[in-house]
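# Observations on the model geometry
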Amino acid sequence: MDELDPVIHASARLRITAALATLPDGDRLAFPRLQELLEMTPGNLSTHLRKLEDAGYVEVTKAHQGRSPVTYLSLTARGRGAFETYTASLKKLLG
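Quantities reported herein were computed from a predicted structural model and do not represent experimental measurements.

Let's shift gears to the sheet that holds strand β1 (residues 29-30). Judged by pairing direction, the sheet is antiparallel, and its three strands sit side by side in the order β1-β3-β2 without closing on themselves. If you trace the sheet from one side to the other, it starts and ends with β1 and β2 (58-65), each paired once. Note that β1 and strand β3 (residues 68-75) share two bridges and pair antiparallel. Bridge assignment links Ala 30 to a residue of β3, and that residue is Tyr 72.

Before going further, it helps to spend a moment on the pairing of β3. Across the eight residues that make up β3, a large majority, six, are buried. Two strands pair when backbone bridges link them, and β2 and β3 are joined in this way by eight bridges, in the antiparallel orientation. Note that in β3 the partner of Glu 59 across the bridge is Ser 74. The turn joining β2 and β3, which pair antiparallel and follow one another in sequence, is formed by two residues; a positive phi near 65° is taken by Gly 66.

Analysis parameters
- Residues numbered from 1 in each chain as written.
- Predicted model: local features only at pLDDT ≥ 70, side-chain atom pairs only at ≥ 80, totals over all residues.
- Heavy atoms only, no water.
- Pairing = 2+ DSSP bridges.
- Helix = DSSP H or I, 4+ residues; strand = E, 2+ residues; numbered from the N terminus.
- Buried < 20%, exposed > 50% of the residue type's maximum accessible area, 1.4 Å probe, protein only.

This is how it looks when you write it as structure tokens:
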């Protein structure tokens, strides 16, 4: 039996990864939009994103729109692969 990835397995990180996995390869989502979709506080979302970024699953890109800073988030190829493995393992576990 495949072990479930502990980085993704935490509820908040699973929700983040699942949301980003719905984006086509190369697309990204602005931090406030992800926060709104998941109904998470900025601090909580940031904490979980850091864990995913440290694992190489999420790419965080900081940019500017005009004079305003904006943070974009996307799933890396490694993150997409980890999510696919996680969901396959979960399906196998559930039978």
